[in-house]
Amino acid sequence: MSKMAKEYDLIIIGSGPAGLTAGIYAARYNLNFLIIGKLNGGAISEAHKVCNYPSQNNISGFELTQSMVSHVKELEGEIKQEEVIKIEKEEKKFMITTNNKKYFAKKIILAIGREKQKLSVPGEEEFLGKGVSYCATCDAAFYKNKIVTVAGGGNAAITAALLLAEHAKKVYIIYRQDKFFRAEPAWVKKLEEEKKIEPVFKSNISEIYGKYFVKGVKLDNGKTFDVDGVFVEIGFKPNEVFSKQLNLETNKGYIITNKSQKTSINGIYAAGDSTNNRLKQVITACAEGAIASTAVYEELKLGEK
Ligand SMILES: Cc1cc2nc3c(=O)[nH]c(=O)nc-3n(C[C@H](O)[C@H](O)[C@H](O)COP(=O)(O)OP(=O)(O)OC[C@H]3O[C@@H](n4cnc5c(N)ncnc54)[C@H](O)[C@@H]3O)c2cc1C
């Protein structure tokens, strides 16, 4: 197997903004590369509206990400829709095992994003897909004239509530703090203008109940709300699969990189939301993907370390 398998200069793991931009730069540097991603587009595909990516003041996350996928393909970049299960370091290369086959590469860029945080309350797993959702963009249209609740208070929760208000008759947004201090003021202003949305502050959902489908939520102050849907937008946690497998240096689970996006292991780079960066947004993910591919190019072709 190993004798026959093609060896790439670079394998990029993850096909969100960081991985796709790394691919665009790798193509322009004429590197022999492959992108492997579970789902083309990444987390931003879920965004109802993106209004802060330069030159785009009103684009859906799906459109933004699909134009990145097209860009990679126009440059003849190869994207395989597979899940990477294991990465092993061999003497001068890496072996990457997916759910489908094995690949070899001299260098790797990890652009695997992060994972959504769960509420971890009774009913959350039981009613997943039966009223519990982690993606308002995917499921909002199912709640026409219904009552829903959003858990959370950051940008993702607020934009989910605004989208839901376009369909549902009532949207509660349940947040543990007493104001939306983590969200962009522009989104908070829009939320305050939307009459269908009612914030419920200083509360946490402690239980989701129902029969076959969600019927309501119970809060930690004992109050209950009759709702048909619960959208969970309470933040993220690091995707630690490969940092644990490879023993990469991390900070609170996020991969530590230097300014060239190099990790603690020679030959492995990381970019975007999976790293210990300060701002987890499309623009920073793209920038880090670009820097990582540039560093790979310099190391492979120009011999820089
Ligand atoms: C609802 C929502 C709204 C948002 N709104 C905005 C906004 O308006 N503006 C903005 O700038 N940012 C926004 N963000 C944040 C933005 O989506 C992220 O910062 C950005 O997508 C990070 O890109 P990334 O490539 O690092 O990670 P991701 O986009 O998370 O992509 C990682 C990719 O890696 C893949 N992957 C993970 N593990 C594996 C594996 N083992 N094998 C193969 N593939 C794997 C995943 O499937 C995914 O496709 C929003 C996020 C959400 C959820």
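Residues numbered from 1 in each chain as written. Predicted model: local features only at pLDDT ≥ 70, side-chain atom pairs only at ≥ 80, totals over all residues. Heavy atoms only, no water.

Caption draft 1: Just the packing of aromatic side chains, in detail. For the structure shown, the criterion picks out 6 aromatic pairs. Ring plane angle 55 degrees and centroid distance 6.4 Å describe the contact between Tyr 25 and Tyr 29, whose orientation is recorded as tilted. Given the relative accessible area of 25%, Tyr 29 is considered partly exposed. Among the aromatic residues, ring-to-ring pairing joins Tyr 25, Tyr 29 and Tyr 297 into one connected group. Between Arg 114 and the ring centre of Phe 236, over which it is positioned, the NZ or CZ distance is 4.0 Å. Between the NZ or CZ atom of Lys 280 and the centre of the ring of Tyr 254, over which it lies, the distance is 4.6 Å. (Phe/Tyr/Trp six-rings, centres within 6.5 Å; stacked < 30°, edge-to-face > 60°. Buried < 20%, exposed > 50% of the residue type's maximum accessible area, 1.4 Å probe, protein only. Lys NZ or Arg CZ within 6 Å of the ring centre and 35° of its normal.)

Caption draft 2: Up close: the side chain of Ser 293. Tracing the backbone through its elements, the reader meets Ser 293 in helix α7 (residues 282–301). Of note is the side chain of Ser 293, whose polar atom sits 2.6 Å from the backbone oxygen of Ala 22. Setting aside its immediate chain neighbours within four residues, Ser 293 contacts Leu 10, Ala 22, Tyr 25, Ala 26, Tyr 29, Leu 31 and Ile 109. (Helix = DSSP H or I, 4+ residues; strand = E, 2+ residues; numbered from the N terminus. Polar contact = N/O pair within 3.5 Å; in protein donor to acceptor, adjacent residues only side chain to side chain. Contact = heavy atoms within 4.5 Å.)

Caption draft 3: Structural detail: the pairing of strand β9 (residues 147–151). Judged by how many residues are buried, β9 sits mostly within the fold: 4 of 5 residues are covered. Judged from the 5 bridges that link them, β9 and strand β10 (residues 170–174) form a sheet pairing that is parallel. Within β10, the position partnered with Thr 149 by the bridge is Tyr 172. In terms of handedness, the path from β9 via helix α4 (residues 155–165) over to β10 forms a crossover that is right-handed. (Pairing = 2+ DSSP bridges. Right-handed = clockwise from strand over helix to strand, strands pointing away.)

Caption draft 4: Region of the structure containing the state of the cysteines. Counting across every chain of the model gives 1 disulfide. Residue pairing for Cys 135: its cysteine sulfur links by disulfide to Cys 138, the two sulfurs lying 2.0 Å apart. Linking Cys 135 and Cys 138, the disulfide has an S-S dihedral of approximately 75 degrees and is accordingly described as right-handed. Unpaired in this structure, Cys 51 has its nearest cysteine sulfur neighbour in Cys 286, at a distance of 16 Å. By relative accessible area, which is 34% here, Cys 51 ends up partly exposed. (Disulfide = S-S within 2.5 Å.)

Caption draft 5: Main features of the environment of Phe 33. Here Phe 33 is to be found in strand β2 (residues 33–36). Residues Phe 33 and Lys 73, spaced 40 residues apart in sequence, show a C-alpha to C-alpha distance of 12 Å. Contacts of Phe 33, omitting those with residues within four sequence positions, involve Tyr 8, Leu 10, Ile 12, Gly 23, Ala 26, Ala 27 and Gly 77.

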